[in-house]
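Topology and contacts: notes
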Amino acid sequence: MNIGALPRERAPTDPDRLGARFARGVWEGDELNPVDLGSGERWAGGALTLSSMELGWDETTRESWTERTRDLLARFGPFRLAWMETLVRVADWRASAKEREGVYGDG
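Keep in mind that what you see is a predicted model, and the values were worked out from it rather than measured.

**Side note on the environment of L32**
You can see L32 is positioned in strand β3 (residues 31-32). Along the sequence, L32 and G46 sit 14 residues apart, while their C-alpha atoms lie 5.3 Å from each other. With residues up to four places along the chain from it excluded, the contact list for L32 reads W43, G45, G46 and L48.

**Some thoughts on helix α1 (residues 65-100)**
The terminal C-alpha atoms of α1, which comprises 36 residues, lie only 32 Å apart, well short of the 52 Å expected from a rise of 1.5 Å per residue. Of all the bends in α1, the greatest, near 100°, is centred on G77, and the proline P78 appears no more than four residues after it. Once α1 finishes, G102 follows within two positions and takes phi at roughly 80°, a positive value.

**Let's talk about the confidence of the model for the protein chain**
Averaged over every residue, the pLDDT of the protein chain is 79; the share at 70 or more is 80%. When mean pLDDT is taken per element in the protein chain, α1 scores highest with 88 and strand β2 (residues 26-27) scores lowest with 76.

**Some details on the pairing of strand β4 (residues 35-38)**
Two elements, β4 and strand β5 (residues 41-43), share three bridges in a ladder whose sense is antiparallel. Each residue of the ladder has a partner; that of V35, found in β5, is W43. Between β4 and the antiparallel strand that follows it, β5, lie two residues; S39 among them carries a positive phi value of about 55°.

Criteria and thresholds
- Residues numbered from 1 in each chain as written.
- Predicted model: local features only at pLDDT ≥ 70, side-chain atom pairs only at ≥ 80, totals over all residues.
- Heavy atoms only, no water.
- Helix = DSSP H or I, 4+ residues; strand = E, 2+ residues; numbered from the N terminus.
- Contact = heavy atoms within 4.5 Å.
- Expected span 1.5 Å × (residues − 1).
- Bend = angle between axes of the 7 residues up to and from the residue.
- pLDDT = per-residue confidence, 0-100.
- Pairing = 2+ DSSP bridges.

Below you can see the structure in the form of structure tokens.
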């Protein structure tokens, strides 16, 4: 229910990213590609912010990560939340497998 760097994960060494937040292989400021959300909706992409990792109120995302995850747990309960996480993980595994197989091409 929280997000943070893994114990052996190294901090960014790029001079432009010194002091940047990082967790699970991503760094604050990483550029995210646009995503087709279906039903005619599209997210334009942009720079990743990890400000919700910090404790307490956040000017960008408002609530902290812990507050947000506790709200999800209260709204959906542990079993429905686990089911939704499973769906996302399986979709990620399948997309990663297709990318390794070259199904998506080079761009």
